[in-house]
Amino acid sequence: MKETIRKIWDAVTTVLVVLVVLLAVLLVGMRVAGYQVFTILSGSMEPTYHVGSVIYVKPADPQTIQPGTPITFMLNENTVATHRVVEVVPDEEGALQFRTKGDANDAVDGGLVHYKNVLGVPRFSIPYLGYLASYIQTPPGRYVAIAAGAVLLLLVFLPDVIFGSKKEKKAAKSVQDAPQTK
């Protein structure tokens, strides 16, 4: 009975560890691959990018951006937006600017986006992950994430404390099975 419980426990904790590692890769590890990670906070790009989704943005050469391409750009110092390019407009010096519009918006955006403000092109998104990413960035969310990590570590190592490790059991069994000499 103990062995069955131990196997179930090991399977559950293995799945939890894999999920945590996958989550860490999706939220942090993708930056190593050159992606920037953003959370969609408004419905302006519905149904392409849903509110609460995380988008993964890869830098792009502004010369390759064509009408119909969604771009992520700095709207101002503190705001990043993702909208679709509806027109490429060179300025007087020939520098590229982009007229953009949210898929769910009726009108084009008020101003043009200068090519220097373009962060890149979204390559893919994961729905709902943005809610978790946004929560983890708040102080209570950080505490919950740290506590969840501690609980996960406890769950991984608790069976060894309660039942003893497999190595200890094998060593004890081999001592019992060894021929006794007097």
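Refer to the preceding data block for the structure.
Residues numbered from 1 in each chain as written. Predicted model: local features only at pLDDT ≥ 70, side-chain atom pairs only at ≥ 80, totals over all residues. Heavy atoms only, no water.

Undergrad: Looking at this structure, how should I read unusual backbone geometry?
TA: Glycine aside, a negative phi is what most residues show, and trans is what most peptide bonds show. A cis geometry characterises the amide bond from glutamate 46 onward to proline 47, with omega recorded as 0°. In this structure, proline 47 sits in the loop between β1 (36-39) and β2 (54-58). (Helix = DSSP H or I, 4+ residues; strand = E, 2+ residues; numbered from the N terminus.)

Undergrad: Explanation requested: the packing of aromatic side chains in the structure shown.
TA: Both the distance between ring centres and the angle between the ring planes are used here to describe each pair of aromatic rings. Under the defined criterion, the tally for this structure stands at 2 aromatic pairs. Relative to phenylalanine 124, the ring of tyrosine 56 has its centre 4.5 Å away and its plane inclined at 20°; by these criteria the two rings are stacked. On the criterion of sequence distance, the pair formed by tyrosine 56 in strand β2 and phenylalanine 124 in strand β7 (residues 118-126) is long-range, its members being 68 residues apart. What makes phenylalanine 124 partly exposed here is its relative accessible area of 31%. Among the aromatic residues, those joined into a ring-pair cluster are Tyr35, Tyr56 and Phe124. Just above the ring of tyrosine 35 sits the side chain of lysine 58; from NZ or CZ to the centre is 4.7 Å. (Phe/Tyr/Trp six-rings, centres within 6.5 Å; stacked < 30°, edge-to-face > 60°. Buried < 20%, exposed > 50% of the residue type's maximum accessible area, 1.4 Å probe, protein only. Lys NZ or Arg CZ within 6 Å of the ring centre and 35° of its normal.)

Undergrad: It is not clear to me how the side chain of serine 44 should be interpreted in this structure. Could you clarify?
TA: One can find serine 44 in the loop between β1 and β2. Polar side-chain contacts of serine 44 include one of 2.9 Å to the side chain of histidine 83. Dropping the residues within four chain positions of it, serine 44 is found in contact with Thr82, His83, Gly102, Asp103, Ala104 and Asn105. (Polar contact = N/O pair within 3.5 Å; in protein donor to acceptor, adjacent residues only side chain to side chain. Contact = heavy atoms within 4.5 Å.)

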